[in-house]
Amino acid sequence: MNGLIRYLKRNVSLVVGSVLLLFLLAFIGIGHMVVDVEDARALSVRPLQPPSAQYPFGTDRQGRDLLAVMVAGTPLTLRIGFIAGFLGVGIGTVLAFVAAYYRGWADILIRGIADIGLTVPGLLVLIIIAVGIPGGLSVNQMALVVASLAWLNPTRTIRAQVLSLRERGYVEIARMSGMSGPAIIFFELMPNLLPYLAATLVNAVSGAILASIGLEVLGLGPIDAPTLGMTLYWVNFNAAMINGWWWWWLAPTAIIVIVFLGLFFITVGLDEIANPRLRKSA
Amino acid sequence: MLLIDILKRCGVFFVIVWLAATLNFFLPKLSGQDPVRTKLLQQAQLGGYVQQGIDEMVKVYEVRFGLDRPLWQQYLSYIGDVVRGDFNFSIANYPRTVADMIAESIPWTIGLLGVTTLLSFVIGTILGALLAWPRAPRWMAWLMPPLWALHAIPFFLLGLILMYLLAFQVQLLPIFGGYSMGVTPNLTLTFILDIIRHATLPALSIILVAVGGWALSMRGMMVTTMGEDYVLFAEGKGLRSLTIFTRYCLRNAILPQITALALALGQILSGAVLVEVIFGYPGIGTLLFQAIRENDHFLIQGIVFTVIVSLGLATLVLDLLYPLLDPRITYKRT
Amino acid sequence: MNAILRVEGLHVEFAHPLGAVKAVDDVSFALNPGERLGLAGESGSGKSTMALAILRMIKPPGRIVGGRVCLDGEELSALDHEGMRRLRLAGIAMVPQGSMNSLNPVMRIKAQLADAFRDHGVQLSNTEFEARVADLLRTVGLRPEVANLYPHELSGGMKQRACIAIAICLRPKIIIADEPTSALDVVVQRQVMETLARVQRDLGCAIILVGHDMGLMAQFVDRLGVMYAGRLVELAPIGEIITRPRHPYTQALISSLPSLEARGTMQGIPGLAPLLRELPPGCAFHPRCPRAEDRCRAEKPAVREVAPNQQAACHFA
């Protein structure tokens, strides 16, 4: 326990990131107890009220209580991010191991697809996919759409990491002692990769949230869900900025900033765990 | 050896072009129904003074992409169109062609993105190099936290904040559009200044975020490079600090930065699309936004294809220029 | 004879959370003009740190905490940053380790020489420069065309020769060569050492050769210093060291060589090299020393003259 505290004192980024996200979780948790999330639906309250004691975050033009929208919408946005992030890293890890461990044609194919896929602007491909799905997306479909590209980056980075691990002595020894390929992957490579995988996962979640918000702002999101991105879509749709309804965009902006900062600092912290060499230079 | 590399790299580019066209063709069909046909028929029912043209489009579409034709024939005629740069008419803005509308808005985006990407890359790289240099002024260390924080925020969110502060509250800069309303675009100094004033906020929201990213990665590369043996020997040669900094550290640390730039173009563009949308900037992003709102499938497909190909081209150029900077590369490969 | 380089009581420490580590501990010696001095020791004995300390190139967390270095009567510690910079290469040149990539991979050899000339205020016309470069490359046994090549186009031996060419381009008074042939194969190693010996003779400069290869030392140097745990435990003419080593550590080194003619590196001394962070009290060598007595465990032996021209730090020498 003392050791943990001493370590956390050095790894400030991890602490800052965790505190930000915990704050957000607390906001959601307490919010669900205090606020009626039904008010996140349109026509629930008086429209366009600036923040007051009754509506601390104000209300929007369609009569949603923005506090309720945030309480109900933040977990939706996080859910999209986590589903897509986990799927992306899961698929990416499998592909990366196959490519890096067996090399050969599998490697050329997987690396080729990942490299080409990464040079293409992801948002545009997602737009084509989303536009092709009739009747608009649900929150879960949204997550799947985003996940369809979320594996590219994990595949690429994990592959490189596995390749460097593969050359280490203990893998060689395991191979010579007759361990099978999958066994080496699970018992020898995996444990060494865990901090790295964690950092990649957080990165993927952050990327997925960014992509989903992008799609939503463009009007391709779940129209009736109060996610953070959809709220910003309505902000833009109603020209809230020019009309001076500052509270409408302030709340979702603040929460998105907290989400991204939190995830970013956690990645930095996890990177420090994965590559202790960086600790000195930081 | 070099020729093979160039051919290989060009091959990758054509694969990207082909993939973009193929995805464009097949993805909308995955849902089982043809959203293009649906939209076309809707538009035809709406009527209006362009009715005849729309009816014409439906007919042409049915002949070429009708259900009675096998998929591969449809695919081939689509690829043929794409190769000729023919993306059909805009469904919502008939009789304007998609190619026309794209040609009109793409210079705006190239201008905005070219300037911001270049500026942020140069500023960020220099800043990152200085952050890693032990002889840099002390106060520079204080730049790190804000750079980190900015780097983590999406472009368009910073855009919203800047818009509120600088355009709505202070009214320093215009809030919306690419040039003042009611002005016809011309080549006078006043108009150019007007364009610059309008582009400042969108540009600023991209630059401030991107600078942080480039600075952070450059700082990391510099720290690694400064530990290299040739830097130690350069010091042993009694070279000036400035020589070591520029010719031995910066010169080498910039190589991975440029590789990263080639990889990041897609992300930067994705972010810039949203910035254009919130600022109503008349570039390709806003055009795309309108196309999505109006369900204008031909326009969406045309934009996506054009953007992917242009970016592929930019990456190709960067990749082909790279060996000029790194003498090792032509020998290392193959 | 008037020494060209005098090192007196040099101390280098590395900061560490558990207390400072003495990497170089009170080292003194003098280098005569034209002399070849060897510095031998296991890795971690402080010999490379010594080399860098003479050039004042110790990086944090390392720090020179005491001692003087005088080049030709001029005290280097009194020089400012700029003065010290000008002295490197022009006064004392370093030849980097052979295992390192010491040449900038994206610059032609020519350009790396040009940097050296320019930053030391040597103004040359284009033709003068080309001629000078060709001359330098020939001196180290390279074709003049090498000037236009990049480091990755050279073999390991050629790279090391190019480094030597850079090191001698301003005709320094002293060359410090830190394991210049490590990681080169034996034949190339020999050629590079011969080149180094020849340019040293031609320039008439002194040389400090840092290394752990006793066979190589025996062939190359006039005098040999042996370092152990940051201290210079013995310093004597090479013939004396080989025939009559005084310090038990040196004795162990010499007897571990298969024979004087055969090459050998330091292997086969019982025990492990000490961690500088946990040095034993008294003589640092006592846990591995066959002759250790109570006195050795309590009292650090001072360096003293044990014979004319021969000094050692051992109670029994």
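Quick notes on the rules
Residues numbered from 1 in each chain as written. Chains lettered and ligands numbered in written order. Predicted model: local features only at pLDDT ≥ 70, side-chain atom pairs only at ≥ 80, totals over all residues. Helix = DSSP H or I, 4+ residues; strand = E, 2+ residues; numbered from the N terminus. Rg over C-alpha atoms; globule rule 2.2 N^0.38 Å. Contact = placed C-beta atoms within 7 Å. Nonpolar A, V, L, I, M, F, W, Y, C, P; charged D, E, K, R; others polar. Pairing = 2+ DSSP bridges. Axes fitted to C-alpha atoms, helices over the stretch in contact; angles between N-to-C directions. Buried ≥ 20, exposed ≤ 12 C-beta atoms within 10 Å, placed from the backbone. Core = buried A, V, L, I, M, F, W, Y, C linked by C-beta atoms within 7 Å. Parallel < 35°, antiparallel > 145°, perpendicular 65-115°, else oblique. Left-handed = near helix turned anticlockwise from the far one by under 90°. Arc of directions from axis to C-beta. pLDDT = per-residue confidence, 0-100.

1. Points about the overall build of chain C
Each helix and strand counted, chain C has ten helices and twelve strands in total. Relative to the compact-globule value of 20 Å for 317 residues, chain C shows a C-alpha radius of gyration of 20 Å, a close match. Counting only contacts in chain C whose residues sit at least 6 apart along the sequence, the fraction spanning at least 24 positions is 64%.

2. Details of the overall build of chain B
Counting secondary structure elements, chain B contains 13 helices and zero strands. Contacts in chain B between residues far apart in sequence, at least 24 positions, make up 73% of those at least 6 positions apart.

3. What to know about the interface of chain C and chain B
A common way to express how large an interface is: the accessible area buried when the components associate. Facing the 24 residues of chain C at the interface are 18 residues of chain B. Looking at the side of chain C that touches chain B, the elements that each hand over two or more residues are α2 (81-90) and α3 (109-119) of chain C. Tallying contributions element by element places α2(C) first for the side of chain C that touches chain B, with six residues. Residues that form the side of chain C that touches chain B fall into these classes: 14 nonpolar, five polar and five charged.

4. Details of the pairing of strand β1 (residues 5-14) of chain C
Residues and elements named next belong to chain C. Inspection of the sheet shows β1 paired to strand β2 (residues 21-31) by seven bridges, in the antiparallel sense. Bridge assignment links V7 to a residue of β2, and that residue is F29. Two elements, β1 and strand β4 (residues 62-71), share eight bridges in a ladder whose sense is antiparallel. Along β4, the bridge assignment pairs L5 with L71.

5. Regarding the sheet that holds β1(C)
All names here are of chain C. Read from one edge of the open sheet, four strands run β2-β1-β4-β5, paired in antiparallel fashion. For this open sheet the edge positions go to β2 and β5 (74-75), each flanked by a neighbour on one side alone. Packed onto the sheet, helix α1 (residues 47-54) meets β1, β2 and β4 and runs at close to 65 degrees relative to β2.

6. Details of helix α9 (residues 229-236) of chain B
Of all the positions in α9(B), only Y230(B), L232(B), F233(B), A234(B) and G236(B) are classed as buried. At the C-terminal side of α9(B), G238(B) shows a positive phi close to 70 degrees.

7. Some points on the nonpolar core
Judged by nonpolar contacts, the single largest core of 265 residues is most densely connected at L126(A), I127(A) and V146(A). Examining the composition of this core, we find that 19 residues originate from one element, helix α10 (residues 241-279) of chain B, more than from any other. The residues touching I127(A), leaving out its near neighbours within four places in the chain, are L215(A), L218(A), L220(A), I292(B), I300(B) and V304(B).

8. Section: the arrangement of the chains
The highest contact count of any of the two pairs of chains in contact belongs to chains A and B. Nothing in chain A touches chain C, and the closest approach of their C-alpha atoms is 11 Å.

9. Thoughts on the sheet that holds strand β7 (residues 174-178) of chain C
Residues and elements named next belong to chain C. Judged by pairing direction, the sheet is mixed, and its eight strands sit side by side in the order β6-β7-β8-β3-β9-β10-β12-β11 without closing on themselves. Only two strands of the sheet have a single partner each, and these edge strands are β6 (92-95) and β11 (304-307). Neighbour-to-neighbour, the strand axes of the sheet open up by a mean angle of 25 degrees, direction not taken into account. In the sheet, β11 pairs with strand β12 (residues 310-312) via three bridges, with the strands oriented antiparallel.

10. So, the interface of chain B and chain A
Facing 44 residues of chain B, the contacting portion of chain A comprises 34 residues. For the side of chain B that touches chain A, the secondary-structure elements that each account for two or more residues are α1 (2-26), α6 (144-152), α7 (155-169), α10, α11 (284-293) and α12 (297-325) of chain B. Split into classes, the residues belonging to the side of chain B that touches chain A amount to 35 nonpolar, eight polar and one charged.

11. Considerations on the environment of G239(C)
All names here are of chain C. In this structure, G239 sits in helix α8 (residues 238-243). A count of 12 C-beta atoms within 10 Å places G239 in the exposed class. As a C-alpha pair, G239 and A218 span 21 residues in sequence and 8.1 Å in three-dimensional space.

12. Points about the packing of helix α3 (residues 66-102) of chain A against helix α7 (residues 152-166) of chain A
Residue and element names in this part refer to chain A. Packing of α3 against α7 brings their axes to within 8 Å, and their N-to-C directions diverge by 40 degrees. By the angle class used here, α3 and α7 are oblique. Here the hand of the crossing between α3 and α7 comes out right-handed. Each of G88, V89, G92, T93, L95, A96, F97, A99, A100 and Y101 in α3 lies in contact with α7, whose residues at this interface are P154, T155, I158, R159, V162, L163 and R166.

13. Describing unusual backbone geometry
All names here are of chain C. Cis rather than trans, the peptide bond between P60 and P61 has omega equal to 10 degrees. With respect to the helices and strands, P61 occurs in the loop between α1 and β4. Even without a glycine there, the phi angle at R56 is positive, about 55 degrees. Take R56: it is sitting in the loop between α1 and β4. Residue R56 is classed as partly exposed on the basis of its 17 C-beta neighbours within 10 Å. For R171, which is not a glycine, the phi torsion comes out positive at approximately 50 degrees. In this structure, R171 sits in the loop between α5 (156-167) and β7.

14. Focus on the environment of L172(B)
Residues and elements named next belong to chain B. Checked against the element boundaries, L172 lands in the loop between α7 and α8 (189-226). Taking the C-beta count within 10 Å as the criterion, L172 has 11 such neighbours and is therefore assigned exposed. Through-space distance from the C-alpha of L172 to that of R197 is 9.4 Å; in sequence the pair is 25 residues apart. Filtering out sequence-adjacent residues up to four positions away, L172 remains in contact with L166 and A167.

15. Quick notes on α3(C)
All buried positions along α3(C) are accounted for by I109(C), Q112(C), L113(C), D115(C), A116(C) and D119(C). An end-on view of α3(C) places all buried positions within 150 degrees of arc, on one side of the element. Buried positions along α3(C) lie against α10 of chain B together with α2, α4 (126-139) and α5 of chain C. Immediately beyond the C-terminal end of α3(C), within one or two residues, lies G121(C), with a positive phi of roughly 70 degrees.

16. Notes on the environment of V192(C)
Residue position: V192(C) is located in helix α6 (residues 186-203). Along the backbone, V192(C) and Q160(C) are 32 residues apart, and their C-alpha atoms lie at a distance of 7.4 Å.

17. Re the confidence of the model for chain C
Residues and elements named next belong to chain C. Across chain C, pLDDT averages 87, with 95% of residues at or above 70. Confidence, expressed as mean pLDDT per element, reaches its minimum in chain C at β11 with 82 and its maximum at α3 with 95. With a pTM of 0.86, the predicted complex shows an ipTM of 0.89.

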